Amino acid sequence: MSHTTLENLFRFPKVPEFAQKNFTEHFLHADKVMLVLIVMQWVIATFITSISYGTYLYGFVGGGLITLVLFFAYRTFKGTQVMRALVGVGMMLFSLIYIQQHLGRIEMHFHVFIALAILSLYKDIVPIFVAALTTILHHGVFNFLQLSEVSLFGMPVMVFNYGCGMDIVILHGIFVVAEALVIGYIVKLQIEYGVELNRSENQVLGLNEELSFTSLHDSLTGLPNRHNLYTQLRLMVANANRYDRKFAVLFLDLDHFKNINDTLGHNVGDALLKAVARKLKSIIRENDIVARIGGDEFIIILNDFTDTGAIEPVISKILDMFHKEWNIQNHFLRLSTSIGVAVYPDDSKEINELMKYADIAMYKAKTEGRDQFSFFTATLNAKVHEEVDIANDMHRAFNANEFELYYQPKIHIESGKIIGAEALIRWNHYEKGLIPPDHFIHIAENTGFILKLGKWVIEETVRAIKRLSESGYEDIHISCNVSTRQFQNINLYADIENAVHDSGIDAKLLAIEITESVMLEYLEVTLEVLKKIKNLGVHICMDDFGTGYSSLSYLRHFPIDSLKIDKSFVDDITHNSTNEHILLNTIIAMGQTLNLKVVAEGVEEMYQMEYLRDRGCEFYQGYYFSKPIPEKFFFDLLLKNCASSGTDRDLI
């Protein structure tokens, strides 16, 4: 047997920390078993032998003292190695009592070995070796007393029922030690097996806990996920019903979060989401809930209140939290969020409806400018259902050719000639009649239908230019509006290029009108697309100028050909007004300085047209000349206006 094998054989395993709890529970249980066995030995064995041999004082009283001491020790040392050692000594002392009471009958020595085997229950080698040592000592001592013919309680002290020398005691001791070693080795195997079993159980339990946590929490932020949230909401519903309380569902969506991911990367976006999660958890009460249900969307449940007025201070605190500067991986970010609120049971008693209503209210907050909150209302619900119906009906209407373009003429102020028109979409519903664009365009934007509709508008505008050219109106420009959502679509340039090339028109007769918000939301991408469109020869007009940033820097860097003054500035021009409209005049002067054509929209009165003309504005459109009209009537208007005679197509 090698040295390493011997080392492993006699190396007793230590119980690792992760298994200590299970082993302690086992020791406590084993202590109780041993105490029961001690009582059984005392009451049955010593009582019977005391009657048989008349050794009450030595057997029954002695056994009772051992039992009493162990019960007192249990109160202080239960579950400890001290208790186990005392039990080992106690078991061996009972062996001594049996031997002495039976006048050293040899079969009673088997109690020693049985007791040693029973002590293996502890899975601890200390009580076994203590018991073995106790046995060897009391056999040696009692054998000496026997050889010396000493009496105790009127009985000769005996270990065996015949005289023997120390050689027999030593031989007996060797047997005891040998059994103790074997039992110790068995205990070692038991401990190793118990530790490994405990390790396996811990691993399984740990895996189960991890899987359970993962199934109930968001992997990025550690917040409760949708499934966990719904489980807790069901408990909140029961609590609210029982105690006549309310709770609020707050639906949070970070404003312009996509821009952070697109410009700084998803690693920064993820770090920001984790920071937001930590901050939200820190400002809500202990009995409230914050969860992440996907993307940049969070849900907060404000629990247990009676007055909805208690909600607003919390919401204000959340909004203010976002206004502070966020340092995310050395990027200093400014954030805001839009919040929708639905209240149980005021808005609904159904969890799914509450979530939907909070979502609806959040989108209302976004449409009203973001960085604010909105409560769900019945009116809002009716509006949303109406919008859903419109969204569904738009697809049918498109296939049924219910959409058409109306044209509002653009007029050269000095000559009064029509130099072009703006194509405006209308929905001629088969039941409801004409539906204005402000009823469906924003819905088309939100649903993505604007991509399909916008492509059709471009193609139909080009076809209208083709028909105009074929009718002899070769200098008439037609412009169409391009939305933010269309600029996000990588196919926009291809749609315009294909429409122009397939029709064979002169690209200079087509114009696209974009707003300042389109350019500023995706600055670099927009600039690149606009340059490509400009290279086609397509005219680019900035719509609603003056209502946004109106920065000179982007007017100089973007390939813009003309500015369209927003109607709100024109409305400020009043009859017989002697006041100068500084902003309006500045926009006109700015266009002249940058060699840009300036068009005023929304002109409804002659005095407005005259004011614009006197300030140098070259073109206008509005009800003063004509409202938007179908193509047939636009052709009739062109005929009357004699737009083709003496008109330079480069006017705009």
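About the cut-offs
Throughout this description, residue numbers start from 1 for each chain and increase along the sequence as written. Confidence filtering applies because this is a predicted model: local features only for residues at pLDDT of at least 70, side-chain atom pairs given and counted only at 80 or more, and all residues used for totals across whole chains, interfaces and linings. Hydrogen atoms and water are omitted, and side-chain values are computed over all heavy atoms in the structure. In DSSP terms, a helix is any run of H or I states spanning at least four residues, a strand is any run of E spanning at least two, and both are numbered starting from the N terminus. Burial classification: accessible surface area is computed with a 1.4 Å probe over protein chains only, and a residue below 20% of its type maximum counts as buried, one above 50% as exposed, and the rest as partly exposed. By definition in these notes, contact holds between two residues if any of their heavy atoms fall within 4.5 Å. Only the protein chains shown count as covering a residue, and every accessible area follows the Shrake-Rupley method with a 1.4 Å probe. Nine residue types can take part in a nonpolar core, namely buried Ala, Val, Leu, Ile, Met, Phe, Trp, Tyr and Cys, and a core is a set of them joined through side-chain atoms within 4.5 Å. The working definition used for a salt bridge is a side-chain nitrogen of Lys or Arg within 4 Å of a carboxyl oxygen of Asp or Glu. Note on aromatic pairs: the rings of Phe, Tyr and Trp (six-membered ring only in Trp) are paired at centre separations within 6.5 Å, and the planes decide the class, stacked below 30 degrees, edge-to-face beyond 60, tilted for the rest. Counting as a charge over the ring demands two things of the Lys NZ or Arg CZ atom: a distance within 6 Å of the ring centre and an angle within 35 degrees of the ring normal. Throughout this description, a polar contact denotes any pair of N or O atoms lying within 3.5 Å of each other; where both atoms belong to protein, one of them has to be capable of donating a hydrogen while the other can accept it, and for residues adjacent in sequence the pair is counted only when both atoms sit in side chains. Strand pairing is defined by DSSP finding a minimum of two bridges between the two strands. For every residue, the pLDDT score states the predictor's confidence, bounded by 0 at the bottom and 100 at the top. Each axis is a line fitted through C-alpha atoms, taken for helices only over the stretch in contact, and angles between the N-to-C directions span 0 to 180 degrees. Working definition: roughly parallel below 35 degrees, roughly antiparallel above 145 degrees, roughly perpendicular at 65 to 115 degrees, and oblique for all remaining angles. Note on convention: near helix rotated counterclockwise from far helix by under a right angle means a left-handed crossing. Clockwise means right-handed. Gly counts as polar in this scheme, as do all residues outside two lists: the nonpolar Ala, Val, Leu, Ile, Met, Phe, Trp, Tyr, Cys and Pro, and the charged Asp, Glu, Lys and Arg. When we speak of the arc, we mean the arc of directions from the helix axis to the C-beta atoms. One less than the number of residues in a helix, times 1.5 Å, gives the span that helix is expected to have. For patches, a residue must show more than 30% relative accessible area and have no salt bridge; joins then use 9 Å for like charges and 5 Å for nonpolar side chains, namely Val, Leu, Ile, Met, Phe, Trp and Tyr.

*Asks:* Quick question: what am I supposed to make of the overall build of the chain here?
*Replies:* Scanning the chain from terminus to terminus reveals 24 helices and 19 strands. Of all 652 residues assigned to the chain, the portion counted as buried reaches 48%. Taking the contacts inside the chain whose residues are at least 6 apart along the sequence as the reference set, 69% of them involve residues at least 24 apart. Total accessible area computed for the chain in this model is approximately 32700 Å², and 57% of it derives from carbon and sulfur atoms.

*Asks:* Can you walk me through the nonpolar core in this structure?
*Replies:* In summary, soluble globular proteins display a tendency toward joint burial of nonpolar side chains. Counting 80 residues, the largest nonpolar core has F403, I496, I512 and F634 as the members making the most contacts within it. Counting residues per element, this core draws most heavily on helix α15 (residues 449-470), which supplies 10 residues. Not counting residues up to four positions away in its chain, the partners in contact with F634 are Y407, P409, I418, G420, A421, L468, I476, I478 and I629. Counting residues in each nonpolar core, the second largest holds 35 residues, with L254, V268, A275 and I318 among its members.

*Asks:* I'm lost on the pattern of salt bridges in this one. Help?
*Replies:* Opposite charge on two side chains permits them to pair, given that their charged atoms come into close proximity. One pass over the structure, following the stated rule, counts 19 salt bridges. Of the charged contacts in the structure, one is a salt bridge between D561 and K534, with a shortest N-O distance of 2.4 Å. On the criterion of sequence distance, the pair formed by D561 in the loop between α20 (552-557) and β16 (562-565) and K534 in helix α19 (residues 523-536) is long-range, its members being 27 residues apart. On the basis of relative accessibility, which here comes to 17%, the residue D561 falls in the buried class. By relative accessible area, which is 30% here, K534 ends up partly exposed. Taken together, the shared-partner salt bridges in this structure form one network comprising K410, E422, E513 and K564.

*Asks:* Would you mind going over the environment of R426 with me for this structure?
*Replies:* With respect to the helices and strands, the residue R426 is situated in strand β11 (residues 418-429). Residues R426 and P436, 10 residues apart in the sequence, show an inter-C-alpha distance of 5.9 Å. Aside from chain neighbours lying at most four places away, what touches R426 is E402, F403, E404, Y406, L434, I435, P437, F440 and P628.

*Asks:* I'm lost on the packing of aromatic side chains in this one. Help?
*Replies:* When we look at a pair of aromatic rings, we describe it by the centre distance and by the angle of the planes. Inspection of every chain in the model, using the stated rule, returns 11 aromatic pairs. Measuring from ring centre to ring centre gives 5.8 Å for Y407 and F634, while their planes differ by 25°; the resulting arrangement is stacked. Of this pair, Y407 sits in strand β10 (residues 403-412) while F634 sits in helix α24 (residues 631-641), placing them 227 residues apart in sequence. The class of F634 is buried, set by a relative accessible area of 1%. Aromatic rings pair up to connect F403, W427 and F440 into one cluster. Here the basic side chain of K532 rests over the ring of Y493, its NZ or CZ set 4.5 Å away from the ring centre.

*Asks:* Hey, could you run me through the environment of L223 in this one?
*Replies:* Within the secondary structure layout, L223 lies in the loop between α7 (166-216) and α8 (226-243). Classification of L223 as buried rests on a relative accessible area of 1%. Here the alpha-carbon distance between L223 and I293, two residues 70 residues apart in the chain, equals 9.1 Å. With residues up to four places along the chain from it excluded, the contact list for L223 reads L216, H217, D218, A277, K281, V290, A291, R292 and F298.

*Asks:* How should the side chain of D253 be read in this particular structure?
*Replies:* Its location among the elements puts D253 in strand β3 (residues 246-254). The class for D253 is buried, based on a relative accessible area of 9%. Only 3.0 Å separates the side chain of D253 from the side chain of K366, close enough to count as a polar contact. When sequence neighbours within four positions are dropped, the list of residues in contact with D253 reads D296, E297, T337, S338, M362 and K366.

*Asks:* Please clarify how the pairing of β3 should be interpreted in this entry.
*Replies:* Taken residue by residue, a regular strand's side chains alternate between the two faces of the sheet. Counting buried positions along β3 yields 8 of 9 residues, so the element is predominantly enclosed. Sheet topology places β3 next to strand β5 (residues 297-305); 7 bridges connect them, and they run antiparallel. Bridging from a neighbouring strand, D253 pairs with E297 of β5. Across 8 bridges, β3 lies against strand β8 (residues 337-344) in antiparallel orientation. Within β8, the position partnered with L254 by the bridge is T337.

*Asks:* How should I be thinking about the confidence of the model for the chain in this particular structure?
*Replies:* Segments scoring low in pLDDT should not have their predicted coordinates read at a detailed level. Taken as a whole, the chain shows an average pLDDT of 80; of its residues, 79% reach a score of 70 or greater. A low-confidence stretch, residues 643-651 stays under pLDDT 50, and its non-local contacts, those more than four residues away or across chains, total 20 contacts.

*Asks:* Explain the packing of α8 against helix α12 (residues 351-367) here, please?
*Replies:* Angle between the axes and distance between the axes: these two values describe a pair of packed helices. It is the contact of α8 with α12, at a shortest axis distance of 11 Å, that shows an interaxial angle of 110°. Taken together, the axis directions place α8 and α12 in an arrangement best described as roughly perpendicular. When you trace α8 past α12, the crossing you get is right-handed. In contact with L229, Y230, L233, R234 and V237 of α8, α12 contributes I351, N352 and M355. Residues belonging to the contact of α8 with α12 are distributed by class as follows: 6 nonpolar, 1 polar and 1 charged.

*Asks:* Could you clarify how one ought to interpret the sheet that holds β8 in this entry?
*Replies:* Consider a sheet: its strands pair through backbone hydrogen bonds, and that pairing is either parallel or antiparallel. Taken together, 5 strands build an open sheet; the order of strands is β4-β5-β3-β8-β9 and the sheet is mixed. Where the open sheet ends on each side, the last strands, each with one partner, are β4 (289-294) and β9 (373-375). For this sheet the average axis-to-axis angle between neighbouring strands, irrespective of direction, equals 20°. Two strands pair when backbone bridges link them, and β4 and β5 are joined in this way by 5 bridges, in the antiparallel orientation. The partner of R292 across the bridge, within β5, is F298. Lying on the sheet, helix α10 (residues 266-283) is in contact with β3, β4 and β5; it crosses β5 at an angle near 5°.

*Asks:* What should I look at first to understand helix α9 (residues 257-264) in this one?
*Replies:* Residues that lie three or four places apart on an α-helix share one face, since the helix turns once every 3.6 residues. Within the sequence span of α9, burial applies to F257, I260 and N261. Along the axis of α9, the buried positions cluster into a sector of 95°, meaning they face one direction only. Taken together, the buried residues of α9 touch β3, α10 and β7 (331-333).

*Asks:* Looking at this structure, how should I read α15?
*Replies:* For α15, built from 22 residues, the straight-helix expectation of 32 Å at 1.5 Å per residue is met to within 8% by its first-to-last C-alpha distance of 32 Å. Taken from the residues just after α15, G472 is the one with a positive phi, measuring 105°.

*Asks:* Whenever I open this one, unusual backbone geometry confuses me. Can you help?
*Replies:* Peptide bonds are, in most cases, trans, and in most cases residues other than glycine have a negative phi. The omega torsion of the bond from Y344 to P345 falls at 5°, within 30 degrees of zero and hence cis. Note that P345 resides in the loop between β8 and α12. Not every positive phi belongs to a glycine, and N330 is a case in point at roughly 70°. Looking at where N330 falls in the secondary structure, it is placed in the loop between β6 (326-328) and β7.

*Asks:* Where do I start with a nonpolar patch on the surface in this structure?
*Replies:* A cluster of nonpolar residues, V36, M40, V43 and I44, forms a patch on the protein surface that exposes about 350 Å² of accessible area. Relative to the helices and strands, M40 resides in helix α2 (residues 17-53).

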